Amino acid sequence: MFTRVRPSSLTGSALLAPALLFGAAPMLVSAQLPPPPWAGSELAQLTIHERLIIRIPRVLPSRLRATPIAPVWHEKKGPRCVEMKSLTGAAISDDGDVDLIVDGVSRIRAKLDDDCPGMNFYSGFYLKPTADGKICAGRDLLRSRSGSRCGIDRFRRLVTAK
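S.K.: So what exactly am I meant to see when it comes to the state of the cysteines here?
M.R.: Structurally, a disulfide amounts to a covalent bond that connects the sulfur atoms of two cysteines. This model, assessed by the stated rule, comprises one disulfide. Across a sulfur-sulfur distance of 1.9 Å, C81 and C136 are joined as a disulfide pair. A torsion of 110 degrees about the S-S bond marks the disulfide between C81 and C136 as right-handed. Linking C81 in strand β3 (residues 81–83) with C136 in strand β8 (residues 134–136), this pair joins segments that are 55 residues apart in sequence. On the basis of relative accessibility, which here comes to 2%, the residue C136 falls in the buried class.

Laid out in structure tokens, this is it:
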């Protein structure tokens, strides 16, 4: 039933096909993609919640006076918001409001809510950073070091009397 075929009786194309298949076999096996570097690893997600508080130091009256006579301040219409990064210090006014020192030269008075005594802020206060980087009247709170919180009713720009 079986017939024996001699290699000399095969044509060139009949010999070439098995030779190509035999030669290409290692390339076909190695053509498989290697597994990705994360194969077999477990993935997890980590969320970090950051809490940042800005401390505004109280400036002592001796540092505020460039001249021996204390200036007399008059209130003018102020902005609705103040850039937090421009605040360099604070002082407590005689009326119990908080004077914010802006860029080391100008002052803006934060008029606090009626039920908030200014004496809570004698040792400084904290501000929570906001997304827009500003502290705004009617929106933000001053937090004293003792733990009390006071809302800002409005801002008034302070100018010296002439």
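Additional details are given in the paragraphs that follow.
S.K.: What am I meant to see in the nonpolar core here?
M.R.: Within soluble globular proteins, side chains that are nonpolar tend to cluster in buried spots. Counting residues in hydrophobic clusters, the biggest one holds 20 residues, and the most contacted among them are V98, I135, L142, I152 and F155. Secondary structure elements with two or more residues in this core: β4 (87–92), β5 (98–102), β6 (106–112), β7 (125–127) and β10 (149–160).

S.K.: What exactly am I supposed to notice about the pattern of salt bridges here?
M.R.: Pairing between side chains of opposite charge can happen when their charged atoms approach one another. Throughout the structure, instances matching the rule amount to nine salt bridges. Across the pair R156 and E75 runs a salt bridge whose closest N-O atoms are separated by 3.6 Å. In this pair, R156 sits in strand β10 while E75 sits in strand β2 (residues 73–77), placing the two residues 81 residues apart along the sequence. Residue R156 is classed as partly exposed on the basis of its relative accessible area, which comes to 22%. Three or more residues joined by partner-sharing salt bridges are found here, namely E75, D97, D99, R107, R109, K111 and R156.

S.K.: Could you clarify how one ought to interpret the environment of K76 in this entry?
M.R.: Checked against the element boundaries, K76 lands in strand β2. The partly exposed category is assigned to K76, whose relative accessible area is 40%. As for K76 and R156, which are separated by 80 residues in sequence, their C-alpha atoms are 5.7 Å apart. Setting aside residues up to four positions removed in sequence, K76 forms contacts with R156, R157 and V159.

So, how was this worked out
Residues numbered from 1 in each chain as written. Predicted model: local features only at pLDDT ≥ 70, side-chain atom pairs only at ≥ 80, totals over all residues. Heavy atoms only, no water. Disulfide = S-S within 2.5 Å. Helix = DSSP H or I, 4+ residues; strand = E, 2+ residues; numbered from the N terminus. Buried < 20%, exposed > 50% of the residue type's maximum accessible area, 1.4 Å probe, protein only. Core = buried A, V, L, I, M, F, W, Y, C linked by side-chain atoms within 4.5 Å. Salt bridge = Lys/Arg side-chain N within 4 Å of Asp/Glu carboxyl O. Contact = heavy atoms within 4.5 Å.

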